[in-house]
Amino acid sequence: NDYVVVSKDDDFSALSSLRGRPPCLVKLSVGNLDNDQVTRILLSRREVIEAQFTDPHVSMVELIHDAR
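Residues numbered from 1 in each chain as written. Predicted model: local features only at pLDDT ≥ 70, side-chain atom pairs only at ≥ 80, totals over all residues. Heavy atoms only, no water.

**Comments concerning the overall build of the protein**
Here is step 1 of the chain: Scanning the protein from N- to C-terminus turns up three helices and three strands.
Here is step 2 of the chain: Of the regular secondary structure in the protein, the N- to C-terminal order runs β-α-β-α-α-β.
Here is step 3 of the chain: Expressed along its principal axes, the backbone C-alpha trace of the protein runs to roughly 35 × 25 × 20 Å.
Here is step 4 of the chain: Contacts in the protein between residues at least 24 apart in sequence constitute 44% of all its contacts with a sequence separation of at least 6.
Here is step 5 of the chain: Accessible surface for the protein amounts to roughly 5,100 Å². Of this, 50% is attributable to carbon and sulfur atoms.
Here is step 6 of the chain: The distance from the centre of the 8 positive side-chain charges to the centre of the 11 negative ones in the protein is 2 Å. (Helix = DSSP H or I, 4+ residues; strand = E, 2+ residues; numbered from the N terminus. Contact = heavy atoms within 4.5 Å. Areas by Shrake-Rupley, 256 points an atom, 1.4 Å probe, with all protein chains shown as cover. Lys, Arg positive; Asp, Glu negative; His and termini not counted. Charge placed at Lys NZ, Arg CZ, Asp CG, Glu CD.)

**Considering the sheet that holds strand β1 (residues 4–7)**
Here is step 1 of the chain: Here three strands make up an open sheet; going across it, the order is β1-β2-β3 and the pairing parallel. Bordering the open sheet on either side are β1 and β3 (60–64), each of which pairs with just one other strand. Put simply, the sheet's adjacent strands are angled 15 degrees from each other on average, direction ignored.
Here is step 2 of the chain: Judged from the four bridges that link them, β1 and strand β2 (residues 24–29) form a sheet pairing that is parallel. Within the sheet, the bridge partner assigned to S7 lies in β2 and is K27.
Here is step 3 of the chain: Set on the sheet, helix α2 (residues 35–44) makes contact with β1, β2 and β3; between it and β2 the angle comes to about 125 degrees. (Pairing = 2+ DSSP bridges. Axes fitted to C-alpha atoms, helices over the stretch in contact; angles between N-to-C directions.)

This is a description of form; function is not addressed.
Listed below in structure tokens is the structure:
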């Protein structure tokens, strides 16, 4: 399946590092944001995320957001 997991949980990062794909992982390092803010970040970076996952060796993309 072509699933993509979106998570802030470091456990998923560890699993992704050990197992690779599938599934693909978008790791959120965005601080304490509400769901609408997270959705906006994901949608604004959608093309970058999709482009990264075209490489079969990429299993995780980390999104970092500094709210300052």
